Structures are given as C-alpha cells and as structure tokens.
Amino acid sequence: MKVEETKLDGVLKITPPTIFEDFRGEYIETYNERLYHEAGIDQPFIQDDISVSSQHVLRGIHGDAETWKLISCLHGKFYILVINWDKDSPQFGQWEGHTLSAKNRHQLLIPPKHGNGHVVLTDEAIFHYKQTSEYNRAGQFTLLWNDPKLDLYWPINNPIVSPRDSDAQYLT
Ligand SMILES: Cc1cn([C@H]2C[C@H](O)[C@@H](COP(=O)(O)OP(=O)(O)O[C@H]3O[C@H](C)C(=O)[C@H](O)[C@H]3O)O2)c(=O)[nH]c1=O
C-alpha cells in the first residue's frame, strides 16, 4: 500500500494494498480497515456510492463542510479535479488534477471543505466513493467547472453537465 501527499494539504493519493493479477484477470482490495487505519486513513466511512457516467460527462464541482471521501475508479478512466474551498485555509482556491483509472487503481482521500469534480475519458467510467456522512444535498456547495475566476484545467472543453453544474444560479 502506498500513500502519497499531493499539492493540497490533507488530500492523499493512495495505491491499494492488494492488486493481484493472474491469467483470469485482477483481484484488488479497494479498502481494508486495519491497513488503511495503520496508514493513518482512519476516517469513519459510513456510506458507499457509485456513479456511472458516459464519456465526457462531468459531475461536480461539489463538496461540503463535513464529508471525507475515499474515491476510486472501478471501471474506465476519469480526470478528477480537487479544489480547496476552505476560506480559512492558506490554500483556499488552490486546485490539482489527477487521473484515476481501472489501470492505475489510484485512489484519492479528499477532506471536507474541498470540492471535487470529474470528467469521464473512456466510453464509460464507474466512480466509487466511501463517505463519512449520509447524503445531504442542502449541505453541499457547487462551483462551476468553467468559472473563469477559478482558472481550472480540464482535458476537454465541452463536457456533458447537469443543470446544477452549468448554471450560476445553483452556485453556493
Ligand atoms: C451524492 C448522492 C446523490 N444521491 C442521489 C440524489 C439524486 O437523485 C441522484 C444524483 O445526485 P447528484 O445529481 O447530486 O449526483 P452528482 O451530480 O453525481 O453529484 C455527486 O457527485 C459529485 C462529483 C460528488 O462528489 C458528490 O458526492 C455528489 O454531489 O443521486 C444519493 O441518493 N446519495 C448521494 O450520496
């Protein structure tokens, strides 16, 4: 298991403990409480979610003030952008992009007060996350993926987005 710091304090890039390949395919332990706790990743995850998206779908940028997320790519590949949205942090507004795929098996641990958004680069991708709180849409904030003030990089220019993710009226 490998845990690496990233440009953003608290955001970690993780390579899972077991990636086993044989003539049949692969076997991956995507989470192991004892090993992750030993590595300092001891957040109390209580909810698992997946979202399945077609190529060029962009979901986000969303976040909230309470939830830790452990994100994996179960199928395909996506570019994921994480932005510090903690107004009390010296890194407020700083962001970093990563590529998670079913090939590199990398995971990201994202703390509260960070926004995340991802755009799918393969025909389809499955985005999996473990979360430390139950879904609370009212508690989430939304940032526009193409807000010129944020000066973000995305690998494509014309993603498929929901009304929430394309209209400033939903900004919070
Ligand atoms: C997040 C979530 C959603 N839902 C329901 C609510 C809606 O009926 C449906 C789609 O929700 P939404 O359009 O908010 O999904 P995304 O646009 O993919 O947003 C999510 O994906 C971005 C990238 C995130 O990281 C957040 O977890 C979350 O905001 O799933 C649930 O039932 N539970 C949940 O935890």
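What counts and how
- Residues numbered from 1 in each chain as written.
- Predicted model: local features only at pLDDT ≥ 70, side-chain atom pairs only at ≥ 80, totals over all residues.
- Heavy atoms only, no water.
- UniProt positions renumbered as here; feature names shortened; annotations may be inferred.
- pLDDT = per-residue confidence, 0-100.
- Helix = DSSP H or I, 4+ residues; strand = E, 2+ residues; numbered from the N terminus.
- Buried < 20%, exposed > 50% of the residue type's maximum accessible area, 1.4 Å probe, protein only.
- Polar contact = N/O pair within 3.5 Å; in protein donor to acceptor, adjacent residues only side chain to side chain.
- Contact = heavy atoms within 4.5 Å.
- Phe/Tyr/Trp six-rings, centres within 6.5 Å; stacked < 30°, edge-to-face > 60°.
- Pairing = 2+ DSSP bridges.

Per an unreviewed UniProt entry, the protein carries the name dTDP-4-dehydrorhamnose 3,5-epimerase and comes from Candidatus Terasakiella magnetica. UniProt annotates the protein under Function (unreviewed entry) with the comment "Catalyzes the epimerization of the C3' and C5'positions of dTDP-6-deoxy-D-xylo-4-hexulose, forming dTDP-6-deoxy-L-lyxo-4-hexulose." Turning to the protein, the UniProt annotation filed under Catalytic activity (unreviewed entry) states: "dTDP-4-dehydro-6-deoxy-alpha-D-glucose = dTDP-4-dehydro-beta-L-rhamnose".

K.L.:
Help me understand the confidence of the model for the protein in this model?
P.N.:
Low-pLDDT stretches of the model should not have their predicted coordinates read in fine detail. Mean pLDDT over the protein works out to 95, with 97% of the residues at or above the 70 mark. Per the prediction output, this complex has pTM 0.95; the corresponding ipTM is 0.92.

K.L.:
Could you clarify how one ought to interpret the side chain of Gln 107 in this entry?
P.N.:
Mapped onto the fold, Gln 107 is located in strand β10 (residues 107-110). On the basis of relative accessible area, Gln 107 is assigned to the buried category, the value being 1%. Side-chain polar atoms of Gln 107 contact the backbone oxygen of Thr 30, separated by 2.7 Å. Looking at Gln 107, its side chain comes within polar contact range of the side chain of Tyr 36, at 2.6 Å. For Gln 107, the residues in contact, after removing those within four places along its chain, are Leu 12, Lys 13, Ile 14, Pro 16, Thr 30, Tyr 36, Leu 70, Ile 71, Ser 72 and Leu 100.

K.L.:
Quick question: what am I supposed to make of the packing of aromatic side chains here?
P.N.:
Summed over the entire model, instances satisfying the criterion amount to 8 aromatic pairs. Note on Tyr 79 and Trp 154: the rings are 5.6 Å apart at their centroids and 70 degrees apart in plane angle, and the pair reads as edge-to-face. Residue Tyr 79 is located in strand β8 (residues 77-84), and its partner Trp 154 is located in the segment after β13 (140-142); the two are separated by 75 residues in the primary sequence. Judged on exposure class, the residue Tyr 79 and its partner Trp 154 are both buried. Pairing Phe 127 with Tyr 129 gives two aromatic rings, centres 4.7 Å apart and planes at 80 degrees, and the pair type is edge-to-face. For the pair Phe 127 and Tyr 129, one class covers both residues: buried.

K.L.:
Honestly, the pairing of β10 in this entry has me stumped. Any pointers?
P.N.:
In β10, alternate side chains face the same way, and those of Gln 107 and Leu 109 on one face and Leu 108 and Ile 110 on the other are all buried. Here strand β2 (residues 12-15) pairs with β10 via 3 bridges, running antiparallel. By the bridge assignment for β10, Lys 13 is matched with Leu 108. Two elements, strand β7 (residues 69-75) and β10, share 4 bridges in a ladder whose sense is antiparallel. When the sheet's bridge partners are listed, Leu 70 is paired in β10 with Leu 109.

K.L.:
Can you walk me through the pairing of strand β3 (residues 18-22) in this structure?
P.N.:
On a regular strand, one side chain projects to one face of the sheet and the next to the other, so that they alternate. By the bridge criterion, 5 bridges tie β3 to strand β4 (residues 25-29) in an arrangement that is antiparallel. Within the sheet, the bridge partner assigned to Asp 22 lies in β4 and is Gly 25. Hairpin remark: β3 followed by β4, antiparallel, with 2 residues in the connecting loop.

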